[in-house]
Protein chains: 2
Amino acid sequence: MDRRVTKKGDDDASGKERPTLKTLAFMTGLGVTTVSRALKDAPEIGAETRRRVQLVAKQIGYRPNRAGVRLRTGKTNVISLVLNTEHELMSFVSDIIYGVTEVIADTPYHLIVTPYSRSQDPLDPVRYLVETGSADGVIISRTQPNDPRARYMLEHGIPFATHGRTDMGLVHPYHDFDNYAFAGEAVRYLAGRGRNRLALVTPPVGLTYYGHTVNGFADALSEVGASEVPFNTVSIDQSIEQIRTRTAQLMRRKDRPDGFVSSAAAATLAIVAGIEDAGLKLGRDVDVVSKQSSELLHLFRRELLVVNENFRLAGSELARAVLGWIGGKDPGSLQSLSTPSEVLPYRG
Amino acid sequence: MDRRVTKKGDDDASGKERPTLKTLAFMTGLGVTTVSRALKDAPEIGAETRRRVQLVAKQIGYRPNRAGVRLRTGKTNVISLVLNTEHELMSFVSDIIYGVTEVIADTPYHLIVTPYSRSQDPLDPVRYLVETGSADGVIISRTQPNDPRARYMLEHGIPFATHGRTDMGLVHPYHDFDNYAFAGEAVRYLAGRGRNRLALVTPPVGLTYYGHTVNGFADALSEVGASEVPFNTVSIDQSIEQIRTRTAQLMRRKDRPDGFVSSAAAATLAIVAGIEDAGLKLGRDVDVVSKQSSELLHLFRRELLVVNENFRLAGSELARAVLGWIGGKDPGSLQSLSTPSEVLPYRG
DNA sequence: TTGGCAATCTGTAACGTTTCAGTATATTGA
DNA sequence: TCAATATACTGAAACGTTACAGATTGCCAA
């Protein structure tokens, strides 16, 4: 009875509790509304009041309560990165995360990682995010020409960016590496070294950049007059062991290739192992051009020819794109394509 | 005037809006409070009512609003993984994230990644998380014997787990790989192959497992009667180039080692490159035992001797530990140590 | 003097949830 | 039979924020 309980109205500047708008209002002698507006530079607040409020806010280290903002406005200040837990490249995960965090570092945004596994429909995590309103923006990878996730997000009006392009006649932000150019450069480089029977280690079938890579490869082949040694049983998201044994089989055949173009560093390790399993020597019997995202391949074999793909940059670009869309920019203006470096031989 | 604005009370089952407790209350004819309690199996709700509410909730796909819960209770349902954007191993980032997400997949928890860079105090991100109440639990890596972050979080009562142990006489959950055992096994294995002048490529100086590794190395050296070739200028978070050139320098000396123990796969690549730069041959002139977290080293050089460290497991254990602490378990009971595999030579 | 208007500021309600303090009804003990 | 008590439910308040609809003041034109 008559127990003193914490009641509305007793606002102490005593210290230990996190400051809220109410705290600021009490300290400045203003109303909560005024403080709120002063902090976001609303026009109807007097210049001096604005400065005063912002000063006090900085002094006591006021930080808006995310839950309050989110509940009231629906804005989560969260970007979600949707990742496949089985098929993403290790370096991709690490670099893209750092790229994203670099960009959102001086914004109120947090990055959440939303995983999905082989057994799930890739649409699941996206649907979850949209249905629960868990993010203001989404980044997806492993993009397909006809991508249900992109379609779904467009329909539901949530900003997103894709790593890789789609081909549905729909406009959305993306960042992509120019794999058409990569494959072409690789073929031309190999042709320049006299290689003319080339095999392609493709990206995962079904992803958009599979098509880009295959086309770049084919177009350059006919341009330089080289021929393709079919190697369709292999793609980069197979296991190291599979790639290795199939490469070894291929290299034991009479009509073996004298050059490889590989879309990923991990696969390249397996390719080289397979080549050597067959008793052949890299650089003498066969040349390999490979994409890589870190500087490791030249430590592995100096004879390798590499093209660098910068996933950290991809992460930054994707983050910038999503934030841009959230901020109201035209999605069509938030698309970027990264041009491959030249093919780089080892230099001590 | 008299404009009809959306008002309290008009609750439509019309469809497009996300269902809330109010929606459920309306549909079941119960009060919001009752619905809330029924959903969390509170004791004072009748068995049938409970079932009815839960059924309807499932039917219409009710999901509690995170912002509502968070605002009211302070519970964020967020775990934060704090990562250094420059020094973490690539494979570490990727695997630990997947390990964590695996465990939190069937919980309401989200994973946020909180980065910090070389230039920042490692305490900064942790302080941020605590001050803004952005997470219910935190996972940190690069743990030090006297770790200010762990101390800070203990003082502020936020549950956390560390990858690696501390040595401050304070109890908290951790997961660690037994690097003392690893270094010891490595030395014994090398000794078994007749190697007796060994160099250690250490973890970053200052981290707890630096000490564990160094001690395991030293103790096993004296146990087997081998000697150490000092290689203190190198640790695994140096650049590939630095490690490589310093290794080459070392290997050109008369008193060069005939065995290496390396704490990380990336460093091992550089070590091998350095060895070969000096004109020596792996397996003949020198043996290298290395930790690795993916199966790549044997593709790189068959002569390498490897010990596997499972970062995905680490992620899972750390997540389990944090959730356990959040759930009220005794932090002292949430510590785990992972025992290294034996040293594995290549087997075709 | 008055009405109008711009410039500043303010109280209230609402976002969705949980907790507190009840209320209503049925059940029990004596 | 009556009070005590258990059972099952409920409304109101509060978490921190922003949007809405005022309120107050001062100034200027008529």
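Residues numbered from 1 in each chain as written. Chains lettered and ligands numbered in written order. Predicted model: local features only at pLDDT ≥ 70, side-chain atom pairs only at ≥ 80, totals over all residues. Heavy atoms only, no water.

1. A few points about the interface of chain B and chain A
Each side of the interface is counted separately: chain B has 42 residues, and chain A has 42 residues. For the pair chain B and chain A, the summed buried surface comes to about 3,900 Å²; carbon and sulfur atoms form 63% of the total. Ranking the residues of chain B by area buried against chain A places Met90, Tyr98 and Leu299 of chain B at the top, with a combined share of 18%. In this assembly, chain B and chain A are joined by two salt bridges. For aspartate 277 of chain A, the salt bridge identified is with arginine 302 of chain B, shortest N-O distance 2.4 Å. Where chain B meets chain A, there are 18 residue pairs in polar contact (both at pLDDT 80 or more). Per element, the largest residue contribution to the side of chain B that touches chain A is seven residues, and it comes from helix α5 (residues 90-104) of chain B. Considering only residue class, the side of chain B that touches chain A consists of 20 nonpolar, eleven polar and eleven charged. (Contact = heavy atoms within 4.5 Å. Buried area = accessible area lost by both parts, 1.4 Å probe. Salt bridge = Lys/Arg side-chain N within 4 Å of Asp/Glu carboxyl O. Polar contact = N/O pair within 3.5 Å; in protein donor to acceptor, adjacent residues only side chain to side chain. Helix = DSSP H or I, 4+ residues; strand = E, 2+ residues; numbered from the N terminus. Nonpolar A, V, L, I, M, F, W, Y, C, P; charged D, E, K, R; others polar.)

2. Description of the pattern of salt bridges
Residue and element names in this part refer to chain A. Using the criterion set out here, one finds 42 salt bridges over all chains in the structure. Note that glutamate 102 is salt-bridged to arginine 312, the shortest N-O span being 2.9 Å. Pair noted here: glutamate 102 is in helix α5 (residues 90-104) and arginine 312 is in helix α13 (residues 311-326), with a separation of 210 residues, a long-range link. Owing to a relative accessible area of 45%, glutamate 102 belongs among the partly exposed residues under this scheme. (Buried < 20%, exposed > 50% of the residue type's maximum accessible area, 1.4 Å probe, protein only.)

3. So, the protein's contact with DNA strand D
Lys40, Tyr62 and Arg72 of chain A together with Gly31 and Thr34 of chain B are the nearest of the 25 residues found near DNA strand D. Between a phosphate oxygen of DNA strand D and a side-chain N or O atom of threonine 34 of chain B, the distance comes to 2.4 Å. Between DNA strand D and arginine 72 of chain B there is a distance of 3.4 Å, counted from a base oxygen to a backbone nitrogen or oxygen. Sorting the residues of the surface near DNA strand D by element identifies α2 (32-39) and α4 (66-73) of chain A together with α2 (32-39) and α4 (66-73) of chain B as the ones contributing at least two each. A breakdown of the residues in the surface near DNA strand D according to their chemical character gives eight nonpolar, twelve polar and five charged. (Near = heavy atom within 4 Å.)

4. What to know about the protein's contact with DNA strand C
Every one of the 26 residues lining DNA strand C counts as a neighbour, but Gly31 and Thr34 of chain A together with Lys40, Tyr62 and Arg72 of chain B are closest to it. The sugar-phosphate portion of DNA strand C accounts for 60% of its atoms within 4 Å of the protein, the bases making up the rest. At a separation of 2.4 Å, a phosphate oxygen of DNA strand C approaches a polar side-chain atom of tyrosine 62 of chain B. For the surface near DNA strand C, the secondary-structure elements that each account for two or more residues are α2 and α4 of chain A together with α2 and α4 of chain B. Looking at the surface near DNA strand C residue by residue, the classes come out as eight nonpolar, twelve polar and six charged.

5. A word on the UniProt feature "domain: HTH lacI-type" (unreviewed entry) in chain A
When the UniProt feature table is mapped onto this chain, "domain: HTH lacI-type" (unreviewed entry) is found at residues 19-73 of chain A. Segment residues 19-73 of chain A splits into 69% helix and 0% strand. End C-alpha atoms: 20 Å apart. (UniProt positions renumbered as here; feature names shortened; annotations may be inferred.)

6. Describing the environment of tyrosine 209 of chain B
Residue and element names in this part refer to chain B. Mapped onto the elements, tyrosine 209 comes out in helix α9 (residues 208-224). Taking the C-alpha atoms as reference, tyrosine 209 lies 8.6 Å from phenylalanine 177; in sequence the two are 32 residues apart. Those residues within four positions of tyrosine 209 in sequence are excluded, and the remaining contacts are Asn179, Pro203, Pro204, Ile236 and Lys291.

7. Here's the deal with unusual backbone geometry
A negative phi holds for most residues other than glycine; trans holds for most peptide bonds. For aspartate 41 of chain A, which is not a glycine, the phi torsion comes out positive at approximately 55 degrees. Along the chain, the position of aspartate 41 of chain A falls in the loop between α2 and α3 (47-60). We note that arginine 142 of chain B has phi near 50 degrees; this positive angle belongs to a residue other than glycine.

8. As for the relation of the copies chain B and chain A
Relative to chain A, chain B is turned by 180 degrees and slid 0.0 Å along the rotation axis, the superposed coordinates differing by an RMSD of 0.1 Å. One copy is carried onto the other by what is essentially a two-fold rotation axis. A symmetric contact is evident, with 100% of the interface residues of chain B recurring at the interface of chain A. (Least-squares fit on C-alpha atoms with pLDDT ≥ 70 in both.)

9. As for the sheet that holds strand β7 (residues 227-228) of chain B
Residues and elements named next belong to chain B. Spatial ordering of the open sheet is given by β7-β6-β8-β9-β10, a layout of five strands whose pairing is parallel. Each edge of the open sheet is held by one strand with a lone partner, namely β7 and β10 (305-308). On the sheet, α9 packs against β6 (197-201), β7, β8 (259-262) and β9 (287-292) and is oriented at approximately 175 degrees with respect to β6. Along the sheet, helix α11 (residues 265-277) makes contact with β6, β8 and β9, crossing β9 at roughly 160 degrees. (Pairing = 2+ DSSP bridges. Axes fitted to C-alpha atoms, helices over the stretch in contact; angles between N-to-C directions.)

10. Regarding the sheet that holds strand β3 (residues 137-140) of chain B
The twelve strands are arranged β11(A)-β5(A)-β4(A)-β3(A)-β1(A)-β2(A)-β2(B)-β1(B)-β3(B)-β4(B)-β5(B)-β11(B) in an open sheet whose pairing can be described as mixed. A single partner strand is all that each edge strand has here, and the edge strands are β11 (335-338) of chain A together with β11 (335-338) of chain B. Each strand axis lies, on average, 20 degrees off the axis of its neighbour in the sheet, ignoring direction. Where strand β1 (residues 78-84) of chain A and strand β2 (residues 110-116) of chain A come together, seven bridges link them in parallel fashion. Bridge pairing in β2 of chain A links leucine 83 of chain A to proline 115 of chain A. This element, helix α6 (residues 123-132) of chain B, spans β2 of chain A together with β1 (78-84), β2 (110-116) and β3 of chain B of the sheet and lies at about 140 degrees to β2 of chain B.

11. Observations regarding the nonpolar core
Ranked by size, the top nonpolar core spans 81 residues in total, and within it Ile97 of chain A together with Ile97 of chain B carry the most contacts. Not counting the four nearest positions on each side in its chain, isoleucine 97 of chain B is found in contact with Ile97 and Val113 of chain A together with Leu81, Leu111 and Val113 of chain B. Within the second largest apolar cluster, 58 residues are counted, among which are Ala264 of chain A together with Ala267, Ile271 and Val272 of chain B. (Core = buried A, V, L, I, M, F, W, Y, C linked by side-chain atoms within 4.5 Å.)

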